[in-house]
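Residue strings, one per chain:
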2 protein chains.
Amino acid sequence: MSVPLYQAKAEFFRMLGHPVRIRVLELLQLGPTPVRDLLAAIDVEPSNLSQQLAVLRRAGIVTATRDSTTVVYALAGTDVADLMRTARRILTDLLLGQEELLAELRDADARSE
Amino acid sequence: MSVPLYQAKAEFFRMLGHPVRIRVLELLQLGPTPVRDLLAAIDVEPSNLSQQLAVLRRAGIVTATRDSTTVVYALAGTDVADLMRTARRILTDLLLGQEELLAELRDADARSE
DNA sequence: TGATGAATTGAAGACTTCTTCAAGTTGTTA
DNA sequence: TAACAACTTGAAGAAGTCTTCAATTCATCA
């Protein structure tokens, strides 16, 4: 039965791997948000946003509820904030490492190695 | 200058979004590991593994050092373990939620709704 | 009821990423 | 130096994901 865990993990990370989806998840951390507001905050076509929202819905990480004429999205209770924090920390480390590398290369260059 | 943070994040998660890359990162959490051992542990062609290792290297999340005839990979100091833990937690929540949903559907079915 | 606004869907082509194959490095050992 | 082992690389087709467009749904308002 069932998908191996490392495969489920890979799919999960792939689901996160899109700038619009990241922005949506970050905005939803501030509280449930109507599509209208997401559209105002993110530079993206309505139909494109819908597609990305559909990906998040299918993954079960967000929920959509209709309030008469607007649809409101919310995080499905899971702790996305924590994940984003951790990702930011690692990312900062990685970018820092790259800067150090760049600095070394610059220095090496100055010494014309 | 520079890529917006949400885009860097998306790229970072995409880099994690492959079963072989996940397995490699998990194995490297146990300590530096020669390619040979990775190959023995993961069911993948050598050249395919190399391609995936190259992705991780380019991202700067692992380092490779050559010890005569074997190449040893290691985590580049960043706290990947934490990320994996968080991902597992969220994933567990999500899968649990899906099971509950399935159970509900089963019940509804039994009552022939 | 017909028109409008808000959001979603399906489908098609553009674009990326994956896998695989053959060829290339690098370092060791005979 | 030739042969070998351990990895890596480049390239090409297969597979998957993105964006966009036109069409659709759903609920309100005139």
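Structure: see above.
Residues numbered from 1 in each chain as written. Chains lettered and ligands numbered in written order. Predicted model: local features only at pLDDT ≥ 70, side-chain atom pairs only at ≥ 80, totals over all residues. Heavy atoms only, no water.

S.K.: Any chance you could explain the sheet that holds strand β2 (residues 62-67) of chain A here in plain terms?
M.R.: What holds strands together in a sheet is hydrogen bonding between their backbones, with the strands either parallel or antiparallel. All names here are of chain A. Strands sit in the order β1-β3-β2 across an open sheet of 3 strands; the sheet is antiparallel. The open sheet has two free edges, formed respectively by β1 (33-34) and β2, since each of these has just one partner strand. Packed on one face of the sheet, helix α2 (residues 19-28) meets β1, β2 and β3 (70-75) and runs near 85° to β3. (Pairing = 2+ DSSP bridges. Helix = DSSP H or I, 4+ residues; strand = E, 2+ residues; numbered from the N terminus. Contact = heavy atoms within 4.5 Å. Axes fitted to C-alpha atoms, helices over the stretch in contact; angles between N-to-C directions.)

S.K.: I keep staring at the relation of the copies chain B and chain A and nothing clicks. Help me out?
M.R.: Two chain copies, one operation linking them: a rotation about an axis together with a shift along it. Mapping chain B onto chain A calls for a rotation angle of 180° and an axial translation of 0.0 Å; the resulting RMSD is 0.0 Å. Expressed as a symmetry operation, the mapping of one chain copy onto the other fits a two-fold axis. Of all interface residues in chain B, 100% are interface residues in chain A too; the two copies therefore contact each other through one and the same surface. (Least-squares fit on C-alpha atoms with pLDDT ≥ 70 in both.)

S.K.: What am I meant to see in the pattern of salt bridges here?
M.R.: Two side chains of opposite charge can pair, provided their charged atoms sit close to one another. A full pass over the atoms with the stated rule returns 6 salt bridges over all chains. Across the salt bridge formed by D82(B) and R85(B), the nearest N and O atoms sit 3.6 Å from each other. On the criterion of helical spacing, the pair formed by D82(B) and R85(B) is a turn pair, its members being 3 residues apart in helix α5 (residues 80-110). Three or more residues joined by partner-sharing salt bridges are found here, namely D82(A), R85(A) and R89(B). (Salt bridge = Lys/Arg side-chain N within 4 Å of Asp/Glu carboxyl O.)

S.K.: Please clarify how the protein's contact with DNA strand C should be interpreted in this entry.
M.R.: Near DNA strand C there are 22 residues, and of these S50(A), Q51(A), Y73(A), H18(B) and S68(B) occur at the shortest range. Counting only atoms of DNA strand C within 4 Å of the protein, the sugar-phosphate share comes to 67%. Between DNA strand C and S50(A) there is a distance of 2.5 Å, counted from a phosphate oxygen to a side-chain nitrogen or oxygen. Taking Q51(B), its side chain carries an N or O atom lying 3.1 Å from a base oxygen of DNA strand C. Within the residue set of the surface near DNA strand C, elements represented by two or more residues are α3 (35-41), α4 (46-59) and β3 of chain A together with α4 (46-59) of chain B. Counting residues per element, the surface near DNA strand C draws most heavily on α4(A), which supplies 6 residues. Grouping the constituent residues of the surface near DNA strand C by class yields 5 nonpolar, 11 polar and 6 charged. (Near = heavy atom within 4 Å. Polar contact = N/O pair within 3.5 Å; in protein donor to acceptor, adjacent residues only side chain to side chain. Nonpolar A, V, L, I, M, F, W, Y, C, P; charged D, E, K, R; others polar.)

S.K.: Can you help me understand the protein's contact with DNA strand D in this one?
M.R.: The immediate surroundings of DNA strand D are formed by 22 residues, with H18(A), R21(A), S50(B), Q51(B) and Y73(B) found nearest. Sugar and phosphate atoms form 65% of the subset of DNA strand D atoms that lie within 4 Å of the protein. Interatomic distance of 2.9 Å between a side-chain N/O atom of H18(A) and a phosphate oxygen of DNA strand D. Contact between DNA strand D and Y73(B): a phosphate oxygen at 2.6 Å from a side-chain N or O atom of the residue. Elements with a contribution of two residues or more to the surface near DNA strand D: α4 of chain A together with α3 (35-41), α4 and β3 (70-75) of chain B. Looking at the surface near DNA strand D element by element, the count peaks at 6 residues for α4(B). Taken together, the residues of the surface near DNA strand D break down into 5 nonpolar, 11 polar and 6 charged.

What is shown is where atoms sit, not what they do.
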